[in-house]
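Observations on the three-dimensional arrangement
Listed below, chain by chain, are the residues.
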Amino acid sequence: MTTPASRPAQGQIVQTVALTKRFGSFAAVDGLDLTVAPGRITGFLGPNGAGKTTTLRMILGLVAPTSGSATIGGRRYADLPHPAQTVGAALEATNFHPGRSGRDHLRVLAAASQVPTSRVDEMLDLVGIPAAARKRAGQYSMGMRQRLGLAAALLGNPSVLILDEPSNGLDPEGIRWLRELLRYLASQGMTILVSSHLLAEVDQMVDDVAIIANGRLVTSGPIDTLRGVRSSRVRTSDPTRLAETLRANGITVEPGDDGTLTAQTDDLVRVGDLALAAGLPIHELSVHRAALEDLYFSLTSTPESADRNRVTANPKEARRARTRAR
Ligand SMILES: Nc1ncnc2c1ncn2[C@@H]1O[C@H](COP(=O)(O)OP(=O)(O)O)[C@@H](O)[C@H]1O
Ligand SMILES: [Mg+2]
């Protein structure tokens, strides 16, 4: 693989503190605390309309927060001495002039951010469109536009890379290619933040995840930790009493709506023995390993988070939809 950097990128922390953006009375982003670590790939996940793009735009100084802060290496974007060399970004629906070639686009950008022109061809090689780069951008497929956007983001050899829905329009082969490229860049110390509304497209790509719904952080952490939530499902004749017994023994228990209990342990022997000691019959006992998909679905499937983009496209309709959602 072509080396994109003559010097290894120095990772910097991206952080938001109580970051909030309101459009009128509507909170698109609501008190968001996010920390994105260098040398890792962080997936920023949430359904359409959750507030991902708005958050990324605030980090990049394109939208002013209503309150709270967003910093890169401790500085607001506007205060960065060398923004193009610090952070590269490809936002959703980046529009390239249709009549200009991909290569010309990058040359203009390179000139504007004092990057040597030689880097343009290096980046086109890196993202795999050296030949296509001579064609007009108007003829590009979605996947090629994504690659061109990525080349543009990497031009300044930044230490932070922010990609908004980069897997949109990429075929499985393209997604694998992106994953390998990002993995390589992270190994060089780059801080990488990648948004997606599709967990499946990034779950093999990211180290950490931050999930948002309705503008708020729902959960965050290393993806392996979130994936590894193991619990057991128990059915007995007296769930209330079994729950008391398990809790008395330090096991967290949640009642299910079908009369079962979910115990936060995968130690079935212990659950069975405690039930026996309490004189309760076991009718069912099994380990349930929550797939991250289930978790993502349950975290994001509230009625009002279904698709806030659609909901707020038209203010009148938005008000009606929000009333309906109550
Ligand atoms: N300029 C704007 N004016 C009004 N509402 C907006 C504006 N930008 C975004 N929104 C709304 O804020 C919410 C979050 O949007 P966005 O950040 O694009 O979500 P995501 O990227 O997660 O799909 C959506 O409901 C969207 O309609
Ligand atoms: Mg978006």
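Provided above is the structure to which this section pertains.
Residues numbered from 1 in each chain as written. Chains lettered and ligands numbered in written order. Predicted model: local features only at pLDDT ≥ 70, side-chain atom pairs only at ≥ 80, totals over all residues. Heavy atoms only, no water.

1. Brief notes about helix H3 (residues 102-112)
Going by this rule: Accessible area is worked out with a 1.4 Å probe on protein chains only. A residue is then buried under 20% of its type maximum, exposed over 50%, and partly exposed in between. Secondary structure elements are taken from DSSP: a helix is a run of H or I of four residues or more, a strand is a run of E of two residues or more, and numbering for both begins at the N terminus. As used here, the arc is the angular range of directions from the helix axis to the C-beta atoms. Contacts were defined at the residue level, with two residues in contact if any of their heavy atoms lie within 4.5 Å.
Among the residues of H3, Gly102, Arg103, His105, Leu106 and Ala110 are the ones counted as buried. Each buried residue of H3 sits inside an arc of 155° when the element is viewed along its axis, so together they form one side. Exposed positions of H3 whose direction lies more than 90 degrees from the buried face are Ala111 and Ala112. Of the surrounding elements, those touching the buried residues of H3 are helix H4 (118-126) and helix H5 (142-154). In the segment just after H3, Gln114 is the residue with positive phi, at about 50°.

2. Quick look at unusual backbone geometry
Positive phi outside glycine occurs at Gln114, with the angle close to 50°. Position of Gln114 among the secondary structure elements: in the loop between H3 and H4. Phi at Asn157 is positive, roughly 50°, even though this residue is not glycine. The topology assignment puts Asn157 in the loop between H5 and strand E6 (160-164).

3. Side note on empty space enclosed by the protein
The gaps left among the atoms become clear once a water-sized probe is rolled over them. To keep things clear, this is the line we draw: Of the two site types, the cavity is a set of points on a 1 Å grid over the protein atoms alone where a 1.4 Å probe fits but cannot get out, and the pocket is an open set with protein on both sides within 12 Å along at least five of seven lines, each lined by residues with an atom within 4 Å of a point. Grid points are joined across faces, edges and corners, and a volume is the space filled by probe spheres set on the points. Throughout this entry, Asp, Glu, Lys and Arg are counted as charged residues, while Ala, Val, Leu, Ile, Met, Phe, Trp, Tyr, Cys and Pro are counted as nonpolar. The remaining residues, Gly among them, count as polar.
Here the structure, examined in full by the defined rule, presents one cavity of 30 Å³ or more. In terms of lining residues, the largest cavity is bounded by Ala90, Leu91, Gln146, Arg147, Leu150, Leu163, Asp164, Pro166, Leu170, Trp177 and Leu178. At the level of elements, H5, E6 and helix H6 (172-187) are the ones that each hand at least two residues to the lining of the largest cavity. Among the elements that line the lining of the largest cavity, the one with the most residues is H5, at three residues. Partitioned by chemical class, the residues of the lining of the largest cavity number eight nonpolar, one polar and two charged.

4. A closer look at the pairing of strand E7 (residues 191-196)
Heads up, the rule is: Strands are treated as partners if at least two bridges between them are detected by DSSP. With the strands pointing away from the viewer, any crossover whose connection runs clockwise from the first strand over the helix to the second is right-handed.
Summarising burial for E7: six of the six residues are buried, a large majority. Of the two faces of E7, the one carrying Thr191, Leu193 and Ser195 and the one carrying Ile192, Val194 and Ser196 are both buried. Sheet topology places strand E3 (residues 41-45) next to E7; five bridges connect them, and they run parallel. Of the residues in E7, the one forming a bridge with Phe44 is Ser195. Two strands pair when backbone bridges link them, and E6 and E7 are joined in this way by five bridges, in the parallel orientation. When the bridges of E7 are listed, Val160 appears paired with Thr191. In the classification by handedness, the crossover that spans E6, the intervening H6 and the parallel E7 is right-handed.

5. Quick look at the nonpolar core
Put simply, the rule reads: Take the buried residues of types Ala, Val, Leu, Ile, Met, Phe, Trp, Tyr and Cys, join any two whose side-chain atoms come within 4.5 Å, and each joined set is a nonpolar core.
Membership of the largest hydrophobic core comes to 48 residues, with the highest contact counts inside it found for Leu106, Leu150, Leu154, Leu161, Leu182, Leu185 and Ile192. Contact partners of Ile192, with chain neighbours within four places excluded, come to Val36, Arg40, Ile41, Thr42, Leu161, Leu182, Leu185 and Ala186. Grouped together as the second largest cluster of nonpolar side chains are 23 residues, Val14, Val29, Phe44 and Ala70 included.

6. Observations regarding the side chain of Thr55
Assignment of secondary structure puts Thr55 in helix H1 (residues 52-59). With a relative accessible area of 0%, Thr55 lands in the buried category. If sequence neighbours within four positions are ignored, Thr55 has contacts with Leu19, Val29, Leu32 and Phe44.

7. Let's talk about the packing of H3 against H5
Keep this limit in mind: An axis is simply a line fitted to the C-alpha atoms; with a helix, the fit covers only the stretch in contact. Between two such axes, the angle follows the N-to-C directions and lies from 0 to 180 degrees. Reported orientations rely on four angle classes, namely roughly parallel under 35 degrees, roughly antiparallel over 145, roughly perpendicular from 65 to 115, and oblique for the rest. Note on convention: near helix rotated counterclockwise from far helix by under a right angle means a left-handed crossing. Clockwise means right-handed.
The contact between H3 and H5 brings their axes to 10 Å, and the two run at 20°. Between H3 and H5, the crossing angle belongs to the class labelled roughly parallel. For the pair H3 and H5, the sense of crossing is right-handed. Facing Gly102, Leu106 and Leu109 of H3, the residues of H5 in contact are Leu148, Ala151 and Ala152. Taken together, the residues of the contact of H3 with H5 break down into five nonpolar, one polar and no charged.

Nothing here speaks to function; it is all geometry.
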